[in-house]
Amino acid sequence: MSKSRAVAGAALVALACVVIADASVHAAFAQNPFGAPKGVPDSQVGGIIGWLLTKQSEFYRAMSTTIRAAKSDGSAVWTLLGISFLYGIFHAAGPGHGKAVISSYLVANEETAKRGIALSFVSAFMQALVAVLIVGIGAWLLNVTARTMCSTERVIEIASYGLIAAFGARLVWVKGRGFFRALRPSLKTGGPQLAMAHASAHAHSHSRDHGHDHHHHEHGHAHAHTAHAEAHAHAHHHHAHDDHCDHCGHSHGPTPDQLAGPGGWWRGLSAVLTVGIRPCSGAILVLVFALAQGLFWAGIAATFVMGLGTAITVATIAVIAVSAKGLAARLAGSRDGRGALVMRGIELGAAGIVLVFGVGLLLGYLGTEPVRCF
Amino acid sequence: MTVSMDPGVRRDDRRSFSRAILGLCALLLAFVSGITTAAAHPHVFVAARSELLYATDGTITGVRHAWTFDDMFSTYALQGLATKTPGVYTREDLAPLAQTNVESLQEYKFFTFAKANGKKEHFNEPVDYYLEKTDAGLTLHFTLPFKTPVKTKQLALEVFDPSYFIDFSLEKTDPIKLVGAPASCTMGIQRPSDGGAAKAQTMNEDTFMNGENSNFGAMFANKVTVDCP
């Protein structure tokens, strides 16, 4: 009975998260376009957003004129690369490019800022590569129509959304289990059991003080082995812990060293894959345009430089996300035991974002810069 | 045993927990979605010219558009198109593309939204469509007939892409023409750049009540109103 109550409580929290997700997405859509006075190129859209929009449009439109100019004047290629770089930086601040997915993935897992940067660069590079491949094979090799290329782009787009949703679902599953494991002991009703669970939590926090970081192991087994916990609580912390893990090691989530290992990188790359396979439609337009002007190589160079700019923006946001989590960890950590629960909650929330995004994109609910084919 | 808590305290704890987690969820989501929706920017630029077609009895029968695409998109759209003379695009050469264009535009409701006396009007399939290649770029001509021609005191016409993938702007000179309209009709044009905060707010209600989700582009809409008293 108490267990079902715990589950119900946790489900409520999860549900609330989803509701908030929904509301905040709506709010974001509602606020940005309409909160500010409208008007685009002449900077009437308020603040940073208007400025970003204006700059992006300027750079984007400058690209076609620069490519045309490069036909007769080779030095214009340098201008093109400069513009592409800036465009990449500005453009990535807009929808797409995997900021949300990569950042949420990093927050959902025990990831470092360094890996966040690496993953951002890999995904941006991949996006550029896919754009070059689509135009290289489609337009240059096969000379297909724009419509065909655009349809390809769309198929890839939907595949990407599906992968994001699937990846998000997996994250929610893993993180949800971790969260409920962390939640269960703290919700357990009945005096003595709680007391003992608490005691074991005590033991752990104590053992952490001694430099044994068993972050991932706590709580899950606390009440299952309460008798042990109690017995060992005051005696031999570390040993008590090892005892537990003989019994329950199979049910654990990935440990930090597993994540840092090659398997961890692979998992990170699968996050990158979900967003990396979707090329930027702007890059495709630039590439086709460059090809038509007989300057395909300049278009390819511009695309990769654009990717570099994109990577810088995405990496910056990823680092902010990871640091925010670090800050939350420090704040929550001061209340021992429950700090872990808060962290598991954040991770579950971040996993939920990936899922909500994937499903939202898939259903066309979040129309973040969808490709228009006509 | 060292610790034994009374149930009341625990419930409080649990509540503050949930609250903390909810707060963090909210923060995180606001952060991520805020960034993500910050700035879509257009990839296609259209300079639009439109005509409102009137029957002799003063009913409005349809809208005739002429949309000129920017250099980059015009080139992109012509990719892979076979022509009789290389580099020369005749109307016949462009006919299949024009066909594709109007068929595909159906999905986006032709980016054309009309209201007669505040009531939404629907369009039939486009007629008289063709593409024209000039130095300015590729121009798509097509006529959208109203499903039911209307006689109305006020007609409002908006041209925009809700997702703002395409930026529509009205041509600088004579972007809108009333063809065969009663002499008493007056026309007002609002371009995206001459709207104020007040207008943006009325648009907010309007666009969100329509149940369209990603209506980001609405703030860049070109709105034409025709009053025929």
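Cut-off values and rules
Residues numbered from 1 in each chain as written. Chains lettered and ligands numbered in written order. Predicted model: local features only at pLDDT ≥ 70, side-chain atom pairs only at ≥ 80, totals over all residues. Helix = DSSP H or I, 4+ residues; strand = E, 2+ residues; numbered from the N terminus. Buried ≥ 20, exposed ≤ 12 C-beta atoms within 10 Å, placed from the backbone. Contact = placed C-beta atoms within 7 Å. Axes fitted to C-alpha atoms, helices over the stretch in contact; angles between N-to-C directions. Parallel < 35°, antiparallel > 145°, perpendicular 65-115°, else oblique. Left-handed = near helix turned anticlockwise from the far one by under 90°. Nonpolar A, V, L, I, M, F, W, Y, C, P; charged D, E, K, R; others polar. Expected span 1.5 Å × (residues − 1). pLDDT = per-residue confidence, 0-100. Pairing = 2+ DSSP bridges.

Draft legend 1. Region of interest: the overall build of chain B. The secondary structure content of chain B amounts to four helices and eleven strands. Residues counted as buried form 41% of the 229 residues belonging to chain B. Contacts spanning at least 24 positions in sequence make up 72% of the contacts within chain B whose residues lie at least 6 apart.

Draft legend 2. Geometry of unusual backbone geometry. Positive phi values are uncommon outside glycine, yet Phe 110 of chain B reaches one of about 60°. Position of Phe 110 of chain B among the secondary structure elements: in the loop between α3 (91-105) and β3 (112-116).

Draft legend 3. Structural view of the packing of helix α4 (residues 99-108) of chain A against helix α13 (residues 296-333) of chain A. Residues and elements named next belong to chain A. In the contact formed by α4 and α13, the axes pass within 9 Å of each other and the chain directions differ by 30°. Relative to α13, the element α4 lies roughly parallel. In this structure, α4 meets α13 at a crossing whose hand is right-handed. Facing Lys 99, Ile 102, Ser 103, Leu 106 and Val 107 of α4, the residues of α13 in contact are Val 314, Ile 317, Ala 318, Ala 321, Val 322 and Lys 325. Residues belonging to the contact of α4 with α13 are distributed by class as follows: eight nonpolar, one polar and two charged.

Draft legend 4. Just helix α14 (residues 338-362) of chain A, in detail. In this model, α14 of chain A (25 residues) spans 36 Å end to end at C-alpha, consistent with the 36 Å of a helix rising 1.5 Å per residue. At the C-terminal side of α14 of chain A, Gly 364 of chain A shows a positive phi close to 75°.

Draft legend 5. View of the confidence of the model for chain B. All names here are of chain B. This prediction gives chain B a mean pLDDT of 79; 71% of its residues lie at or above 70. Below a pLDDT of 50 lies the segment residues 1-5, which in the model reaches ten contacts outside its immediate sequence neighbourhood of four places, other chains included. Residue range residues 35-39 is modelled with pLDDT below 50. Its contacts to residues more than four positions away, or to other chains, number 22 contacts. Interface scoring of the predicted complex returns ipTM 0.74; its pTM is 0.70.

Draft legend 6. The arrangement of the environment of Leu 341 of chain A in detail. Note on placement: Leu 341 of chain A falls in helix α14. Sequence separation between Leu 341 of chain A and Ala 182 of chain A is 159 residues; the distance between their C-alpha atoms is 5.5 Å.

Draft legend 7. A look at the sheet that holds β3 of chain B. Residue and element names in this part refer to chain B. The antiparallel open sheet is built from five strands, whose spatial order is β4-β3-β7-β11-β10. Sheet topology places β4 (119-121) and β10 (186-190) at the edges, where each strand pairs with a single neighbour. Across the sheet, the mean angle from the axis of one strand to that of its neighbour is 20°, orientation sign disregarded. Inspection of the sheet shows strand β7 (residues 154-159) paired to strand β11 (residues 222-227) by six bridges, in the antiparallel sense. Within β11, the residue paired with Glu 158 across the bridge is Lys 223.

Draft legend 8. Just the pairing of strand β1 (residues 44-54) of chain B, in detail. Residue and element names in this part refer to chain B. Counted residue by residue, β1 has eight buried out of eleven residues, so it is predominantly covered. In this sheet, strand β8 (residues 166-170) lies alongside β1 in parallel orientation, the contact comprising five bridges. Opposite Phe 45, over in β8, you have Asp 167 as the bridge partner. Here nine bridges tie β1 to strand β2 (residues 60-69), and the two strands are oriented antiparallel to one another. Among the inter-strand pairings, Leu 52 is bridged to a residue of β2, identified as Val 63. Where β1 and strand β9 (residues 176-179) come together, four bridges link them in parallel fashion. Note that in β9 the partner of Leu 53 across the bridge is Val 179.

Draft legend 9. Structural view of the confidence of the model for chain A. Taken over all residues, the pLDDT of chain A has a mean of 71, while the share at 70 or more is 62%. Here residues 189-263 of chain A is a poorly scored stretch, pLDDT under 50, and it has 96 contacts once near neighbours within four places are set aside; other chains count.

Draft legend 10. Spotlight on the environment of His 41 of chain B. Residue and element names in this part refer to chain B. Tracing the backbone through its elements, the reader meets His 41 in the loop between α1 (7-36) and β1. The buried category is assigned to His 41, around which 25 C-beta atoms lie within 10 Å. In this structure, the C-alpha to C-alpha distance between His 41 and Lys 120, residues 79 residues apart in sequence, is 28 Å.

Draft legend 11. Structural view of helix α2 (residues 71-78) of chain B. Residue and element names in this part refer to chain B. For α2, a buried count of seven out of eight residues is recorded, marking the element as mostly surrounded by other parts of the structure. Every buried residue of α2 is accounted for by Met 72, Phe 73, Ser 74, Thr 75, Tyr 76, Ala 77 and Leu 78. Looking one or two places after α2, you find Gly 80, whose phi comes out positive at around 75°.

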